[in-house]
Amino acid sequence: MKRISGIVIVALLCSLLPLRGQAVELNVAGKSALLMDVATGTVLYESNSHEKLAPASVTKVMTMLLIMEAIDSGKIGWNDMVTASEAAAAKGGSQIYLKVGETMSVSDMLKSIAVSSANDCACAMAEHIAGSESAFVDMMNTRAKELGMNDTNFVNCTGLDDGENAVNHRTSAYDIALMSRELLKNHPAIKNYTTIWMDTVRDGAFGLSNTNKLIRFYSGATGLKTGFTSGAGYCLSASAQRDGMELIAVSMGCETSQIRNAACKSMLDYGFANFAVISPEITEVEPVPVKLGKTTAVDTQLGNTASLLVDKAQKSGITMDVQMEEAVTAPVAQGQRLGTLTVRAGEQVLSEVPLVAAESVERLSWGDLFGMVLQRTAMAKT
């Protein structure tokens, strides 16, 4: 195996375990808090992050996730019209005051949920997708289990402290970060709604103002969802993106909205100041020779494009080298491993990324080989 150094451009490739949950001094108020990197899922800060607490309207992160999954799967469309039921129109708390029988597009319903935390729209969308709110809640809990949200049990799609069963409506800062990450990473169109500061529905007749003030006052903010009830206190899942890195800060059980905003802002500031995420690239790696192949060489590419999160203090000390096979014998399958890219910070190996065949190469047949012999014989005679 040949070794090649100094010809690979790498930014950062997969999460560093030493970063997870490291002790840092942050002034974060509230009952529970957590900071997570979206690309890698690495936890950069946590405080009581698995305590089961009432999330209030941060519940709607899951509601929005299921709406986006229904849209992206083709189950529903952006312009589908949704009819408000008596149950939806009767929802209290934050709302846009839907009337029984009123219709509104999926797009405007989602906008009202994301921007103004409209409980009536959340209920209407739950019924539109699942037939009833209770059936939708079953979907929420099923999806939570799939995401590894082991601290979570939903009893409604809004987060309201309504009904005798509301005491069982619980999740954690860690689980909120998990569902927030899923929403942001796999359904980027949600940001068309979560980044709105002010807008309208009903053809401009009803104004919406974002309950997440960081959207206006924090650079790079992308969302995501606020929450408040007397039982839950002030909660927030706040996301922001700078220099290619997106973070989620979750704060639960704060005494005021100003305190929850400050808690998330301090976590986001800490993350952006101390960490970096970039995608890998390779350049100038020569094709690997192929013996007995219909082509004489095969190009290589990275076997995965996972991101790497590192402390900014490490960034200047990152080195990398490539080890490649001298040659391979056909047939070569696309994706077949041909080498390894090793990334280090000092003596510590951060990641070993496979380098694989970019395309397949068929083996020469006996007929091909016989024809080559005849051709060489003829050329020799001339």
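Quick caveat: nothing in here was measured; it's all calculated off a predicted structure. (Residues numbered from 1 in each chain as written. Predicted model: local features only at pLDDT ≥ 70, side-chain atom pairs only at ≥ 80, totals over all residues. Heavy atoms only, no water.)

A.B. asks: I'm lost on the sheet that holds strand S13 (residues 297-298) in this one. Help?
C.D. replies: Sheet architecture is open: three strands sit in the order S13-S12-S17, paired in mixed fashion. Single-partner strands in this sheet number two, and they are S13 and strand S17 (328-329). Where strand S12 (residues 288-291) meets S13, two bridges bridge the pair, whose relative direction is antiparallel. Across the sheet, the residue bridging to Val288 is Val298, located in S13. (Pairing = 2+ DSSP bridges. Helix = DSSP H or I, 4+ residues; strand = E, 2+ residues; numbered from the N terminus.)

A.B. asks: Mind showing me how you'd approach the sheet that holds strand S8 (residues 221-229) here?
C.D. replies: Sheet strands associate in pairs through backbone hydrogen bonding, adopting either a parallel or an antiparallel arrangement. What the five strands build is an open sheet, ordered S3-S2-S10-S9-S8; its pairing is antiparallel. Across the chains shown, the open sheet's two edge strands, defined by having one partner strand only, are strand S3 (43-47) and S8. When the angles between neighbouring strand axes are averaged without regard to direction, this sheet yields 5 degrees. In this sheet, strand S9 (residues 233-242) lies alongside S8 in antiparallel orientation, the contact comprising eight bridges. Note on S9: the bridge partner recorded for Ala221 is Ala240. (Axes fitted to C-alpha atoms, helices over the stretch in contact; angles between N-to-C directions.)

A.B. asks: Just to check I follow, could you spell out helix H9 (residues 257-274) for this structure?
C.D. replies: An α-helix turns once per 3.6 residues; consequently, residues spaced three or four apart project the same way. With 18 residues, H9 ought to run about 26 Å at 1.5 Å a step, and its terminal C-alpha atoms sit 26 Å apart, in line with that. Taken together, the buried positions of H9 are Arg260, Asn261, Ala263, Cys264, Ser266, Met267, Leu268, Tyr270, Gly271 and Phe272. (Expected span 1.5 Å × (residues − 1). Buried < 20%, exposed > 50% of the residue type's maximum accessible area, 1.4 Å probe, protein only.)

A.B. asks: Where do I start with the side chain of Glu246 in this structure?
C.D. replies: Relative to the elements of secondary structure, Glu246 occurs in strand S10 (residues 245-254). Within the local environment of Glu246, its side chain forms a polar contact with the side chain of Lys191, the two groups lying 3.0 Å apart. Within polar-contact distance, the side chain of Glu246 engages the side chain of Thr222 at 2.9 Å. Excluding residues within four positions of it along the chain, Glu246 makes contact with Met36, Asp37, Val38, Leu184, Lys191, Thr222, Ser239, Ala240 and Gln241. (Polar contact = N/O pair within 3.5 Å; in protein donor to acceptor, adjacent residues only side chain to side chain. Contact = heavy atoms within 4.5 Å.)

A.B. asks: Can you help me understand the pattern of salt bridges in this one?
C.D. replies: It is possible for side chains of opposite charge to pair when their charged atoms get near one another. Within this structure, the stated rule accounts for 11 salt bridges. Taking the shortest distance from any N to any O, the salt bridge between Asp108 and Lys111 comes out at 3.7 Å. Remark: Lys111 and Asp108 occur in helix H3 (residues 106-116); sequence separation between them is three residues, near one turn of the helix. On the accessibility criterion, Asp108 (21% relative accessible area) is partly exposed. Taking the shortest distance from any N to any O, the salt bridge between Glu146 and Arg143 comes out at 3.1 Å. Of this pair, Glu146 and Arg143 both sit in helix H5 (residues 133-146), separated by three residues, roughly a single helical turn. Residue classification places Glu146 among the exposed residues on the basis of a relative accessible area of 55%. The network of salt bridges with shared partners includes Glu69, Arg143, Glu146 and Glu182. (Salt bridge = Lys/Arg side-chain N within 4 Å of Asp/Glu carboxyl O.)

A.B. asks: It is not clear to me how the nonpolar core should be interpreted in this structure. Could you clarify?
C.D. replies: Considering soluble globular proteins, one finds that nonpolar side chains tend to be buried as a cluster. Judged by nonpolar contacts, the single largest core of 65 residues is most densely connected at Met62 and Met125. Those elements that provide at least two residues to this core are strand S2 (32-37), helix H1 (60-72), H3, helix H4 (119-130), H5, helix H6 (173-186) and S10. Ranked by the residues each element gives to this core, the list is headed by H1, at nine residues. If sequence neighbours within four positions are ignored, Met125 has contacts with Ile67, Ile76, Val82, Val106, Met109 and Ile113. Core analysis: the next-biggest nonpolar cluster, separate from the first, contains 24 residues, Tyr45, Leu214, Ala221 and Met245 among them. (Core = buried A, V, L, I, M, F, W, Y, C linked by side-chain atoms within 4.5 Å.)

A.B. asks: Would you mind going over the packing of H1 against H5 with me for this structure?
C.D. replies: A packed helix pair is summarised by two numbers, namely the angle formed by the two axes and the spacing between the axes. H5 packs onto H1 with a crossing angle of 95 degrees between their chain directions and a minimal axis gap of 10 Å. Classified by the angle between their axes, H1 and H5 sit roughly perpendicular to one another. Of the residues in H5, those in contact with Met62, Thr63, Leu65, Leu66 and Glu69 of H1 are Phe136, Met139, Met140, Arg143 and Ala144. (Parallel < 35°, antiparallel > 145°, perpendicular 65-115°, else oblique.)

A.B. asks: Quick question: what am I supposed to make of the pairing of S3 here?
C.D. replies: Two faces belong to every sheet, and in a regular strand the side chains alternate between them. Two elements, S2 and S3, share four bridges in a ladder whose sense is antiparallel. Paired with Met36 across the strands is Val43, a residue of S3. Linking two consecutive strands that pair antiparallel, namely S2 and S3, is a turn of five residues; a positive phi of about 75 degrees is found at Gly41 within it.

A.B. asks: Even after reading the chapter, I still don't get the confidence of the model for the chain, so can you show me in this structure?
C.D. replies: For any part of a model where pLDDT is low, the fine detail of the predicted coordinates should not be relied upon. Overall, the prediction assigns the chain a mean pLDDT of 89, with 90% of residues at 70 or greater. Predicted confidence for residues 5-23 stays below pLDDT 50, and this span has 74 contacts to residues more than four positions away or in other chains. (pLDDT = per-residue confidence, 0-100.)

A.B. asks: Help me understand unusual backbone geometry in this model?
C.D. replies: The phi torsion of most residues other than glycine is negative, and most of the peptide bonds are trans. Backbone torsion omega between Gly223 and Leu224 reads 20 degrees, so that peptide bond is classified as cis. When you line up the elements, Leu224 lands in strand S8. Cis rather than trans, the peptide bond between Ala330 and Pro331 has omega equal to 5 degrees. Mapping Pro331 onto the fold places it in the loop between S17 and strand S18 (337-345). Although it is not a glycine, Asn48 adopts a positive phi angle of roughly 50 degrees. Summarising the element assignment, Asn48 is placed in the loop between S3 and H1. Looking at Asn48, the relative accessible area reads 49%, which means it is partly exposed. Of note in the backbone geometry, Asp203 takes a positive phi value of approximately 55 degrees without being a glycine. With respect to the secondary-structure elements, Asp203 resides in the loop between strand S6 (198-201) and strand S7 (206-209).

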